Amino acid sequence: MTAQLIDGNALSKQLRAEVAVRASALRARGITPGLAVVLVGENPASQVYVRNKVKACEDSGLHSVLEKYDASLSEADLLARVEALNNDPSIHGILVQLPLPAHIDAHKVIEAISPAKDVDGFHVASAGALMVGQPGFWPCTPYGCMKMLESIHYDLKGKHAVVIGRSNIVGKPMALMLLQKNATVTICHSGTANLKAMTLQADVIVAAVGKRNVLTADMVKPGAVVIDVGMNRNEAGKLCGDVDFDGVKEVAGYITPVPGGVGPMTITMLLVNTLEAAERA
Ligand code: GUN
């Protein structure tokens, strides 16, 4: 292995300790940062995610409320719950776990969350703020990737960053964050004609597609920084990312593992955003 590992667990531990200190300072002033997590339905992956989010809050001294609803909950009732949480002074962050059941318009629900409590950073107002460089909440996964680059003191100015994936949650905000740090950014996606030609030029590659082996060793410039946002399972059921880790680690300068890379950072940045929301309130 030639690449250095960017350890998401270790970095998370450090950042969560900082969150705990700031949370205790707020508590001393009579404010306990509070996150509401809303889960509708029984999606097994969502159940694991929300459990991890609630546990992370408890571990860092944040107050959390988990609201679980049957999959039959109406859109109107969910919107009413969001409105109640918007008006609840003990709640500083609201997270509605996605996906929602098909009969609920997720976009409408996200837009109902007060931007001041949008700790997921999914509201159009949050996306717009990121776009124009104004203060607002950044989506947790790309924000966590930026923290990982910061942790290796990587200067993005003048570097070429290639983002693979164009989702509203990761790819697009990731590209904007890299741009804000003066990287030259290329967004690649399923319609990209020659992905390898793009990635071979990259100093930084962020793979966020949700498909195994999207990035292999022959596609990586020696010394490049490779960040793997993917969360997939191989034939044996083992957790793996979008990057062929075993091959790419022999070429890259830095690489994030799966598990133990971006995953824990996503939850960490949710804690950071919730704390920020409480500090601003
Ligand atoms: N579903 C999968 N990831 C996420 C996330 O980060 N936030 C929400 N709200 N739903 C998700």
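Okay, the pairing of strand E8 (residues 225–228) next. Of the two faces of E8, both are covered, the one formed by Val225 and Ile227 as well as the one formed by Val226 and Asp228. Relative to E8, strand E7 (residues 204–207) runs parallel, the two sharing four bridges. Residue pairing across strands places Val204 opposite Val225, the latter belonging to E8. In the sheet, E8 pairs with strand E11 (residues 254–255) via two bridges, with the strands oriented parallel. Residue pairing for E11: Val226 is matched across the bridge by Ile255.

A cis geometry characterises the amide bond from Leu98 onward to Pro99, with omega recorded as 0°. Mapped onto the fold, Pro99 is located in the loop between strand E4 (93–96) and helix H4 (106–112). Of note, the bond from Val258 into Pro259 is cis; its omega dihedral lies within 30 degrees of zero at 0°. Note on placement: Pro259 falls in the loop between E11 and helix H10 (262–280). Positive phi outside glycine occurs at His153, with the angle close to 55°.

Evaluated as defined, the whole model comprises eleven salt bridges. For Lys221, the salt bridge goes to Asp203, with nearest N and O atoms at 2.8 Å. Of this pair, Lys221 sits in the loop between E7 and E8 while Asp203 sits in the loop between helix H8 (195–199) and E7; the two residues are 18 residues apart in sequence, bridging distant segments of the chain. Arg280 is the salt-bridge partner of Glu276, the closest N and O atoms lying 3.5 Å from each other. Taken as a pair, Glu276 and Arg280 lie in helix H10 at a separation of four residues, close to a single helical turn.

For His123, the position within the fold is in the loop between H4 and helix H5 (124–132). Looking at His123, the relative accessible area reads 9%, which means it is buried. Polar side-chain contacts of His123 include one of 2.8 Å to the backbone nitrogen of Ala125. If we skip the residues at most four places from it in the chain, His123 touches Ile110, Glu111, Ile113, Pro115 and Asp118.

About the criteria used
- Residues numbered from 1 in each chain as written.
- Predicted model: local features only at pLDDT ≥ 70, side-chain atom pairs only at ≥ 80, totals over all residues.
- Heavy atoms only, no water.
- Buried < 20%, exposed > 50% of the residue type's maximum accessible area, 1.4 Å probe, protein only.
- Helix = DSSP H or I, 4+ residues; strand = E, 2+ residues; numbered from the N terminus.
- Pairing = 2+ DSSP bridges.
- Salt bridge = Lys/Arg side-chain N within 4 Å of Asp/Glu carboxyl O.
- Polar contact = N/O pair within 3.5 Å; in protein donor to acceptor, adjacent residues only side chain to side chain.
- Contact = heavy atoms within 4.5 Å.

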